[in-house]
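Commentary on secondary and tertiary structure
For reference, the chains in residue letters:
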Amino acid sequence: MPGIDECLLEAMALPGARGAALVDWSSGLALGTAGDSPVGDHETTAAETAELARAAAEYESFAPGPDDAGPPGPPVEDLIVTTRTGYHVLRFVETSFDSSVFLHLWLDRTDGNLALARHRLRALAEGLVLR
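Before going into details, it helps to say that this report is about the structure given with it.

Reading guide: rules and limits
- Residues numbered from 1 in each chain as written.
- Predicted model: local features only at pLDDT ≥ 70, side-chain atom pairs only at ≥ 80, totals over all residues.
- Heavy atoms only, no water.
- Axes fitted to C-alpha atoms, helices over the stretch in contact; angles between N-to-C directions.
- Helix = DSSP H or I, 4+ residues; strand = E, 2+ residues; numbered from the N terminus.
- Parallel < 35°, antiparallel > 145°, perpendicular 65-115°, else oblique.
- Contact = heavy atoms within 4.5 Å.
- Nonpolar A, V, L, I, M, F, W, Y, C, P; charged D, E, K, R; others polar.
- Buried < 20%, exposed > 50% of the residue type's maximum accessible area, 1.4 Å probe, protein only.
- Lys, Arg positive; Asp, Glu negative; His and termini not counted.
- Salt bridge = Lys/Arg side-chain N within 4 Å of Asp/Glu carboxyl O.
- Polar contact = N/O pair within 3.5 Å; in protein donor to acceptor, adjacent residues only side chain to side chain.
- Expected span 1.5 Å × (residues − 1).
- Arc of directions from axis to C-beta.
- Pairing = 2+ DSSP bridges.

Turning our eyes to something else, we now look at the packing of helix α1 (residues 4-12) against helix α3 (residues 114-127). Relative orientation of the contacting elements α1 and α3 amounts to 170°, with a least axis distance of 10 Å. Looking at the two axes, α1 sits roughly antiparallel to α3. Contact residues: α1 offers C7, E10 and A11, while α3 offers R120, L121 and L124. Considered class by class, the residues forming the contact of α1 with α3 number four nonpolar, no polar and two charged.

If you want it as C-alpha coordinates, here you go:
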(Lines give C-alpha, C1' and ligand atoms only; values in the text may rest on other atoms or scores of the structure.)
Protein backbone atom coordinates (compact mmCIF):
# COMPACT_ATOMS: atom_id res chain seq x y z
CA MET A 1 0.00 0.00 0.00
CA PRO A 2 1.52 3.29 -1.07
CA GLY A 3 2.25 6.24 1.18
CA ILE A 4 1.71 9.87 0.18
CA ASP A 5 4.81 10.28 -2.00
CA GLU A 6 4.28 7.03 -3.86
CA CYS A 7 0.61 7.80 -4.39
CA LEU A 8 1.38 11.23 -5.86
CA LEU A 9 4.07 9.78 -8.13
CA GLU A 10 1.57 7.22 -9.44
CA ALA A 11 -0.95 10.00 -10.06
CA MET A 12 1.70 11.94 -12.00
CA ALA A 13 2.21 8.90 -14.26
CA LEU A 14 -1.29 9.37 -15.69
CA PRO A 15 -1.48 10.76 -19.23
CA GLY A 16 -1.67 14.56 -19.16
CA ALA A 17 -0.93 14.90 -15.43
CA ARG A 18 0.43 18.37 -14.65
CA GLY A 19 0.34 18.31 -10.85
CA ALA A 20 -0.96 16.37 -7.89
CA ALA A 21 -1.41 16.99 -4.19
CA LEU A 22 -2.85 15.47 -1.06
CA VAL A 23 -4.70 18.23 0.77
CA ASP A 24 -6.35 18.51 4.19
CA TRP A 25 -9.61 20.29 3.44
CA SER A 26 -10.22 21.39 7.01
CA SER A 27 -6.95 23.36 7.20
CA GLY A 28 -6.20 23.96 3.52
CA LEU A 29 -2.67 22.59 3.87
CA ALA A 30 -0.93 20.42 1.30
CA LEU A 31 0.30 17.22 2.94
CA GLY A 32 2.29 16.31 -0.16
CA THR A 33 2.74 17.63 -3.70
CA ALA A 34 4.19 16.54 -7.03
CA GLY A 35 4.57 18.26 -10.38
CA ASP A 36 3.38 21.79 -11.07
CA SER A 37 0.70 24.01 -9.58
CA PRO A 38 -1.80 25.91 -11.75
CA VAL A 39 -0.83 29.16 -10.02
CA GLY A 40 2.85 28.36 -9.46
CA ASP A 41 2.43 27.78 -5.72
CA HIS A 42 1.21 24.49 -4.26
CA GLU A 43 0.13 26.07 -0.97
CA THR A 44 -2.13 28.58 -2.71
CA THR A 45 -3.64 25.84 -4.85
CA ALA A 46 -4.17 23.66 -1.76
CA ALA A 47 -5.96 26.46 0.09
CA GLU A 48 -8.19 27.26 -2.89
CA THR A 49 -9.13 23.67 -3.68
CA ALA A 50 -9.77 23.05 0.03
CA GLU A 51 -12.46 25.74 -0.03
CA LEU A 52 -14.21 23.95 -2.88
CA ALA A 53 -13.88 20.55 -1.22
CA ARG A 54 -15.13 21.88 2.12
CA ALA A 55 -18.20 23.41 0.48
CA ALA A 56 -19.08 20.17 -1.30
CA ALA A 57 -18.49 18.04 1.80
CA GLU A 58 -20.46 20.23 4.18
CA TYR A 59 -23.37 21.66 2.18
CA GLU A 60 -26.67 19.88 2.68
CA SER A 61 -27.39 19.99 -1.06
CA PHE A 62 -24.81 17.25 -1.57
CA ALA A 63 -25.83 15.14 1.44
CA PRO A 64 -27.28 11.68 0.82
CA GLY A 65 -31.04 11.49 0.55
CA PRO A 66 -33.16 9.57 3.06
CA ASP A 67 -32.84 6.35 1.04
CA ASP A 68 -29.09 6.72 0.41
CA ALA A 69 -27.61 5.52 3.69
CA GLY A 70 -23.94 4.93 3.07
CA PRO A 71 -20.65 4.74 4.91
CA PRO A 72 -19.54 7.59 7.15
CA GLY A 73 -17.42 10.34 5.66
CA PRO A 74 -18.07 13.01 3.06
CA PRO A 75 -21.10 12.23 0.91
CA VAL A 76 -19.19 13.35 -2.19
CA GLU A 77 -16.77 10.91 -3.83
CA ASP A 78 -15.08 13.32 -6.18
CA LEU A 79 -15.38 16.75 -7.78
CA ILE A 80 -14.45 17.65 -11.32
CA VAL A 81 -13.78 21.21 -12.43
CA THR A 82 -13.14 21.83 -16.09
CA THR A 83 -11.33 24.85 -17.45
CA ARG A 84 -10.48 25.79 -21.02
CA THR A 85 -7.08 24.14 -20.69
CA GLY A 86 -7.45 21.47 -18.05
CA TYR A 87 -9.32 19.31 -15.60
CA HIS A 88 -9.11 19.36 -11.82
CA VAL A 89 -10.19 16.16 -10.12
CA LEU A 90 -10.62 16.15 -6.35
CA ARG A 91 -11.03 12.67 -4.87
CA PHE A 92 -12.00 12.39 -1.20
CA VAL A 93 -9.99 9.82 0.76
CA GLU A 94 -11.87 7.64 3.23
CA THR A 95 -9.86 6.52 6.25
CA SER A 96 -10.46 4.60 9.45
CA PHE A 97 -10.08 7.81 11.44
CA ASP A 98 -11.96 11.10 11.06
CA SER A 99 -10.18 12.20 7.92
CA SER A 100 -10.64 15.33 5.89
CA VAL A 101 -8.20 14.80 3.05
CA PHE A 102 -8.53 14.60 -0.70
CA LEU A 103 -6.32 13.95 -3.70
CA HIS A 104 -6.14 16.79 -6.22
CA LEU A 105 -5.02 15.95 -9.74
CA TRP A 106 -4.52 18.65 -12.36
CA LEU A 107 -4.71 17.31 -15.92
CA ASP A 108 -3.96 18.91 -19.26
CA ARG A 109 -7.18 18.98 -21.24
CA THR A 110 -5.53 17.97 -24.52
CA ASP A 111 -3.52 15.00 -23.23
CA GLY A 112 -5.50 13.96 -20.16
CA ASN A 113 -8.03 11.17 -19.94
CA LEU A 114 -10.67 12.16 -17.42
CA ALA A 115 -12.28 8.72 -17.14
CA LEU A 116 -8.93 7.02 -16.58
CA ALA A 117 -7.93 9.67 -14.04
CA ARG A 118 -11.11 9.15 -12.01
CA HIS A 119 -10.63 5.38 -12.08
CA ARG A 120 -6.97 5.56 -11.00
CA LEU A 121 -7.58 8.20 -8.31
CA ARG A 122 -10.27 6.01 -6.77
CA ALA A 123 -7.83 3.09 -6.63
CA LEU A 124 -5.05 5.30 -5.25
CA ALA A 125 -7.35 6.77 -2.59
CA GLU A 126 -8.48 3.30 -1.52
CA GLY A 127 -4.88 2.04 -1.21
CA LEU A 128 -3.35 5.16 0.34
CA VAL A 129 -1.75 4.64 3.74
CA LEU A 130 -1.80 7.74 5.94
CA ARG A 131 0.59 7.59 8.87
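Still more to cover.
A word on the side chain of D24. With respect to the helices and strands, the residue D24 is situated in strand β1 (residues 17-24). As a buried residue without a salt bridge, D24 has its nearest oppositely charged side chain in R54, at a separation of 6.5 Å. At a separation of 3.3 Å, a polar atom in the side chain of D24 contacts the main-chain amide nitrogen of S27. The contact partners of D24, leaving out residues within four places of it in the chain, are L29, L31, A50, S100 and V101.

Turning our eyes to something else, we now look at α3. Between its terminal C-alpha atoms α3 stretches 20 Å, which fits the 20 Å expected from 14 residues at 1.5 Å a residue. Taken residue by residue, α3 has A117, L121, L124, A125 and G127 as its buried positions. Summarising the axial view, the buried residues of α3 lie within an arc of 160°, below the 170-degree limit, and thus occupy one face. Opposite its buried face, α3 presents the exposed residues A115 and E126, each directed more than 90 degrees away. Of the residues flanking the start of α3, the one acting as N-cap is N113, its side-chain oxygen 3.2 Å from the backbone nitrogen of A115.

A few words on the sheet that holds strand β3 (residues 78-82). Strand order in the open sheet formed by five strands is β2-β1-β5-β4-β3, with antiparallel pairing between adjacent strands. At either end of the open sheet lies a strand with only one pairing partner, and these are β2 (29-35) and β3. Recorded for the sheet is a direction-independent mean angle of 15° between the axes of neighbouring strands. In this structure, β3 lies alongside strand β4 (residues 86-93), joined through five bridges in antiparallel fashion. When the bridges of β4 are listed, V81 appears paired with H88. Across the sheet, α1 touches β1, β2 and β5 (101-108), and the angle it forms with β1 is around 150°.

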